[in-house]
Amino acid sequence: MKPLRIYTTSVRALSGDEGRVHAVLSSESTDRMGDVIRQNGWMLDAFLKHPVMLAGHDYGNVRAQIGEWEKVEVRGGGKHGTKRLEGDGRYYVNAGNPDADWAWKIAKEGRAAFSVGFIPRKWNEIEPE
């Protein structure tokens, strides 16, 4: 089983007052660890039942819950360009969690990074060029 990988995203702030962002969470580009995630493989049903935005995969810390994803889906492909996992998220700003406030500040400046957790169902290992 391969470990979780970090993917630096494209982030656009949608609303300064409400802490809303639109982000590209994953694409079929090679990440810095040499992995490529095929976007057709996302199985989002379980995640969408509780779409929490976490700070750093810290599942055991309630303060790590810095927001939630309101919409996550695979877009693109064909005439619309490269397939990518995109989402609209909402940070829990001004709600008593300084971690959420700091993460929102970074996102507004276009400096946020998100990490998609995944367990591959199938993979091919190749030697990098």
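Everything below is about the structure shown above.
Quick caveat: nothing in here was measured; it's all calculated off a predicted structure.

Participant: Would you take a moment to explain the pairing of strand β4 (residues 65-75) for this structure?
Facilitator: For a regular strand, side chains alternate in direction, first toward one face of the sheet and then toward the other. As paired strands, strand β3 (residues 52-54) and β4 are joined by three bridges and run antiparallel to one another. Paired with L54 across the strands is Q65, a residue of β4. Where β4 and strand β5 (residues 84-91) come together, eight bridges link them in antiparallel fashion. Bridge pairing in β5 links W69 to G89.

Participant: When you look at the packing of aromatic side chains in this model, what are you seeing that I'm missing?
Facilitator: Two descriptors summarise a pair of aromatic rings, namely the distance from one centre to the other and the angle between the planes of the rings. Inspection of every chain in the model, using the stated rule, returns two aromatic pairs. Ring centres of W69 and F114 lie 5.2 Å apart, and the angle between their planes is 70°; this geometry places the pair in the edge-to-face category. Of this pair, W69 sits in strand β4 while F114 is found in the segment after α2 (98-108), placing the two residues 45 residues apart along the sequence. F114 shares its class with W69; the two are buried. A ring pair is formed by Y91 and W104, whose centres lie 5.6 Å apart and whose planes are at 50°; its orientation type is tilted. Of this pair, Y91 sits in strand β5 while W104 is found in helix α2, placing the two residues 13 residues apart along the sequence.

Calculation rules
Residues numbered from 1 in each chain as written. Predicted model: local features only at pLDDT ≥ 70, side-chain atom pairs only at ≥ 80, totals over all residues. Heavy atoms only, no water. Pairing = 2+ DSSP bridges. Helix = DSSP H or I, 4+ residues; strand = E, 2+ residues; numbered from the N terminus. Phe/Tyr/Trp six-rings, centres within 6.5 Å; stacked < 30°, edge-to-face > 60°. Buried < 20%, exposed > 50% of the residue type's maximum accessible area, 1.4 Å probe, protein only.

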